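Chain residues, written in single-letter form:
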Amino acid sequence: MNATENSRVTASRFGLCLFLLALAVRLVFLWQYRANPTFDLPIVDSLTYHQLAADLADGDGFGRRFFWQSFFYPLFLGAIYAVTGQSLLAVRLLQALLGAGTCLLTWRLGRRAWSERAGRIAGLALAFYGPLIAQEAELLPTTWEAFWLVLLLLLLVSPSRRARHDWIVGLVSAALVLTRAFFLPFVLLAGAGQAREIFKNNPRALAWRMLAVRAGLFLLPLLAVASLGLQVTGRFRLIPGSGGYNFYLGNN
């Protein structure tokens, strides 16, 4: 085995250990959290998401309230409820798996953008980051926010001329905004920065094609949700009603 192969094996082993460690930490937290009354009785925003998802699972469709909150999370929750009979434990277990996956992506992001050491420190730090672990145990979109954000950053620092790379960048950008609308300014600014790099490093015709694919697959899901919202609420908007409020409150 040469040095390159040995390095890959070592990296794979670390990645597996990191994932299992992060998952174990989250499962221990869930075990301890099960005695909390809100484990089985969601409150505040968690209750809102739970009610929206329960309506979807029961076949009631999309009501007006659905377009006040961000679109993606209640849709995800409704799909899980439809399969598991509204099991809150199943949701939390899936979010624990997703949180462990985010730690893995963070490690890969760190090693890609800086070094193997930086990636390992970042991955381990996130594996034990208490506020995120606690949020992942709630019926809140935080788990998906972190996952989409880290995945998007990893894609942006891993340039590729393959068409599927641009497809994925566009769809992940849309998923991030549909999960939490206040990421829209970040996605637009990141897209502008990427456009500059794409034109710098590629022939003009290829650069335009790459940007068109990314922009199209970013806008398509948002326009689909906005069109659905127009049918239900009579208002056409690319972000939910709470998006502007949350962006203002989060930035004082």
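Residues numbered from 1 in each chain as written. Predicted model: local features only at pLDDT ≥ 70, side-chain atom pairs only at ≥ 80, totals over all residues. Heavy atoms only, no water.

K.L.:
I'd like a description of the layout of surface pockets, backed by residues and values.
P.N.:
For the largest pocket, the calculated volume is near 280 Å³. Lining the largest pocket are 16 residues, and of these Val187, Gly191, Ala192, Arg214 and Ala215 lie nearest its centre. Looking at the lining of the largest pocket, the elements with two or more residues in it are helix 7 (142–156), helix 8 (163–179), helix 9 (184–201) and helix 10 (204–233). In terms of residue count, helix 9 provides more of the lining of the largest pocket than any other element does, seven residues in total. Here the residues of the lining of the largest pocket are counted per class, giving eleven nonpolar, four polar and one charged. (1 Å grid on protein atoms, 1.4 Å probe; cavity = no way out; pocket = protein on both sides within 12 Å on 5 of 7 lines; lining within 4 Å. Points joined across faces, edges and corners; volume = space filled by probe spheres on them. Helix = DSSP H or I, 4+ residues; strand = E, 2+ residues; numbered from the N terminus. Nonpolar A, V, L, I, M, F, W, Y, C, P; charged D, E, K, R; others polar.)

K.L.:
Tell me about the nonpolar core, and please be specific about residues and values.
P.N.:
A general trend in soluble globular proteins is that nonpolar side chains are found buried together. Core analysis: the largest hydrophobic core is formed by 42 residues, its most contacted members being Tyr73, Leu77, Trp144 and Trp148. In terms of residue count, the dominant contributor to this core is helix 7 (nine residues). Setting aside its immediate chain neighbours within four residues, leucine 77 contacts Tyr49, His50, Ala53, Val91 and Leu139. (Core = buried A, V, L, I, M, F, W, Y, C linked by side-chain atoms within 4.5 Å. Buried < 20%, exposed > 50% of the residue type's maximum accessible area, 1.4 Å probe, protein only. Contact = heavy atoms within 4.5 Å.)

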